[in-house]
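# Residue-level structural notes
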Amino acid sequence: MVRVPVEGLPAGIWHGELQLGDWALPLPTIPSNLNAVKWRRRALPWYAKPAADGENGFALHVARTDLVKAMTRRIKP
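Below is a summary of the structure that appears in this document. Along each chain, residues carry numbers from 1 onward, in the same order as the chain's sequence is written. In view of the model being predicted, local features appear only for residues whose pLDDT reaches at least 70, and side-chain atom pairs are presented and counted only at 80 or more, with totals across whole chains, interfaces and linings using the full set of residues. Excluded from the side-chain calculations are hydrogens and water; all other atoms, namely the structure's heavy atoms, are used.

Helix numbers and strand numbers start at the N terminus; a helix is a DSSP run of H or I with at least 4 residues, a strand a run of E with at least 2. Looking only at helices and strands, the protein has one helix and six strands in total. Order of helices (α) and strands (β) in the protein, N terminus to C terminus: β-β-β-β-β-β-α. Each radius of gyration is computed over the set of C-alpha atoms, and the globule rule expresses the reference value as 2.2 Å times the number of residues to the power 0.38. For 77 residues, the compact-globule formula gives about 11 Å, and the C-alpha radius of gyration of the protein, at 15 Å, lies well above that figure. C-alpha extents for the protein along the principal axes are approximately 50 × 25 × 20 Å.

Given below as C-alpha cells:
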C-alpha cells in the first residue's frame with residue numbers, strides 16, 4: 001500500500017516511481033474507479049483523483065475545485 005500526502009501537493013498531474021538508490025520501479029496504475037479525495041486548503045476546496053492519462057503507470061490529478069461549475073451542477077435539475 002502506498003500513501004500519498006496529497007494535501008501538500010500543488011495543482012497538476014503527478015507521476016510516481018519507487019526509488020531505492022540507483023534502482024527505480026514505476027508505481028502501478030491507479031484504478032480508475034477510485035473516488036476523488038477532497039479537502040480544504042486556505043478555505044478553498046481541492047481534490048485529487050486518478051488522472052485520465054495514467055495508462056503508463058501512476059498518475060494523479062490534483063486541482064482546486066472550480067466553484068462556479070460546482071454551484072452550476074447543484075442548481076441544475
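What follows covers the environment of Val6. You can see Val6 is positioned in the segment before strand 1 (12-15). What makes Val6 buried here is its relative accessible area of 8%. Taking the C-alpha atoms as reference points, Val6 and Lys49, 43 residues apart in sequence, are found 10.0 Å from one another. Should any heavy atoms of two residues lie within 4.5 Å, those residues are considered in contact. The residues contacting Val6, other than those within four sequence positions of it, are Val37, Trp39, Arg41, Ala48 and Leu60. Whether a residue is buried, partly exposed or exposed follows from its accessible area with a 1.4 Å probe, protein chains only, as a fraction of its type maximum: under 20%, in between, or over 50%, in that order.

One bridge is not enough; two strands pair if DSSP finds at least two bridges between them. Across the sheet, four strands lie side by side as 1-6-5-4; this open sheet has antiparallel pairing. Looking at which strands have only one partner, the edges of the open sheet turn out to be strand 1 and strand 4 (37-41). Ignoring strand direction, the axes of neighbouring strands in this sheet form an average angle of 25°. Pairing of strand 1 with strand 6 (residues 59-64) involves four bridges; the strand directions are antiparallel. Note on strand 6: the bridge partner recorded for Ile13 is His61. Fitting a line to C-alpha atoms yields each axis, with helices limited to the stretch in contact; the angle taken between N-to-C directions then spans 0 to 180 degrees.

Further remarks concern the packing of aromatic side chains. Ring geometry is summarised as follows: Phe, Tyr and Trp rings, the Trp one being its six-membered ring, pair when their centres sit within 6.5 Å, and such pairs are stacked at plane angles under 30 degrees, edge-to-face over 60 and tilted between the two. A full pass over the atoms with the stated rule returns zero aromatic pairs. Sitting over a ring, as applied to charges here, requires NZ of Lys or CZ of Arg to be within 6 Å of the ring centre and within 35 degrees of the ring normal. Over the ring of Trp46 we find Arg41, and its NZ or CZ is 4.0 Å from the ring centre.

Let's shift gears to the environment of Arg74. Position of Arg74 among the secondary structure elements: in helix 1 (residues 67-75). With 30 residues separating them along the chain, Arg74 and Leu44 place their C-alpha atoms 17 Å apart.

This part is about a nonpolar patch on the surface. Like-charged residues are merged into a patch within 9 Å and nonpolar side chains (Val, Leu, Ile, Met, Phe, Trp, Tyr) within 5 Å, provided each residue has over 30% relative accessible area and no salt bridge. Accessible surface is estimated by sampling points in the Shrake-Rupley manner with a 1.4 Å probe; for residues, cover comes only from the protein chains shown. Just to be clear on terms, a salt bridge is a Lys or Arg side-chain nitrogen sitting within 4 Å of an Asp or Glu carboxyl oxygen. Where nonpolar side chains cluster on the molecular surface, the patch consists of Leu18, Leu20, Trp23 and Leu25 and spans about 410 Å² of accessible area. Counting residues per element, the ones that place at least two in the nonpolar patch are strand 2 (17-20) and strand 3 (23-26). Positionally, Trp23 belongs in strand 3.

Read these as geometric descriptors, not functional statements.
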